[in-house]
Amino acid sequence: VQLVESGGGLVQPGGSLRLSCAASVSSFNSFAMAWFRQAPGKEREFVAGSRWTGGAIRYADSAKGRFTISKDRAKNTMYLDMNSLNAEDTADYYCAGAYNLRQPDISEGGRYNYWGRGTQVTVSS
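In this text the structure is predicted, and so the values were computed from the model without any measurement.

Caption draft 1: A look at the nonpolar core. Core analysis: the biggest nonpolar cluster contains 27 residues, and Met 33, Trp 35, Leu 80, Met 82 and Tyr 93 have the highest contact counts within it. Broken down by secondary-structure element, the contributors of at least two residues to this core are strand E3 (17-24), strand E4 (31-38), strand E5 (45-51), strand E7 (67-72), strand E8 (77-82), strand E9 (91-99) and strand E11 (119-123). It is E3 that provides the largest number of residues to this core, a total of 4 residues. Judged by nonpolar contacts, the second largest core, of 10 residues, contains Ala 32, Ala 98, Leu 101 and Tyr 112.

Here is the structure:
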C-alpha cells in the first residue's frame, strides 16, 4: 500500500484548499482511509475518514461544516476539501489507510497501518 498526499500550501485565513491522497492499493475491499493532522508542538489528531466503500463519513468536530471528504474511484484518490480555513488549521496533514476497520475505529490513528508522508498546510496572512 502506498499513499501519497498533495495539495498543501500557504493560504490566507478564510481561504480554501484541496488536499489529495492517491492510493496504490491491491484491493479496496474493506479498506478505510482517513485524514489526520499534526500541528507544531501538538499531538496528531483525526480530521475525517471513512471506508472506501460504504459506511458513514466521520468528521472531527473541528472539521464539521468546513471540511468535506470525497473519493474518485477511477483515480483511486481521496480528497479533503477545506473551507473557511483559520490559523488553527495550520498543520501537517497525513493520509492514512487500513483494512477491516470497524466504524468506531475510523478516528483512531493507532488503528491505521499505512501512512503517507504528509503535506503541509499553513494558514496565514
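Now, onward.
Caption draft 2: Representation of the side chain of Asp 89 within the structure. Along the polypeptide, Asp 89 turns up in the loop between E8 and E9. Those residues within four positions of Asp 89 in sequence are excluded, and the remaining contacts are Arg 37, Arg 66, Phe 67, Ser 84, Val 121 and Val 123.

Caption draft 3: Geometry of the pairing of E3. Bridge analysis of strand E1 (residues 2-6) against E3 gives 5 bridges, and the strand direction is antiparallel. Across the sheet, residue Val 4 finds its bridge partner in E3, namely Ala 22. For E3 and E8, the ladder comprises 6 bridges, and the chain directions are antiparallel. Directly across from Cys 21, in E8, lies its bridge partner Met 78.

Caption draft 4: Broad picture of the state of the cysteines. Applying the stated criterion across every chain, the model contains 1 disulfide. Each sulfur of the disulfide joining Cys 21 and Cys 95 lies 2.0 Å from the other. Disulfide Cys 21 to Cys 95: torsion about the S-S bond roughly -75 degrees, handedness left-handed. Note that Cys 21 is positioned in strand E3 and Cys 95 in strand E9, a separation of 74 residues in sequence. Residues Cys 21 and Cys 95 agree in their burial class; the two are buried.

Caption draft 5: Here's a closer look at the sheet that holds E8. In spatial order, the strands read E1-E3-E8-E7; together these 4 strands make up an open sheet with antiparallel pairing. Two strands bound the open sheet, and with one partner strand each, they are E1 and E7. Within this sheet the neighbouring strands show an average axis-to-axis angle of 20 degrees, counted without direction.

Caption draft 6: Region of interest: unusual backbone geometry. Here Ser 84, not a glycine, exhibits a phi torsion of approximately 50 degrees, which is positive. Looking at where Ser 84 falls in the secondary structure, it is placed in the loop between E8 and E9. Backbone geometry at Asn 100 places phi at a positive 60 degrees, although glycine is not the residue there. Under the relative-accessibility criterion, Asn 100 is labelled exposed at 61%.

Definitions and cut-offs
Residues numbered from 1 in each chain as written. Predicted model: local features only at pLDDT ≥ 70, side-chain atom pairs only at ≥ 80, totals over all residues. Heavy atoms only, no water. Core = buried A, V, L, I, M, F, W, Y, C linked by side-chain atoms within 4.5 Å. Buried < 20%, exposed > 50% of the residue type's maximum accessible area, 1.4 Å probe, protein only. Helix = DSSP H or I, 4+ residues; strand = E, 2+ residues; numbered from the N terminus. Contact = heavy atoms within 4.5 Å. Pairing = 2+ DSSP bridges. Disulfide = S-S within 2.5 Å. Axes fitted to C-alpha atoms, helices over the stretch in contact; angles between N-to-C directions.

These figures come from the coordinates and say nothing about function on their own.
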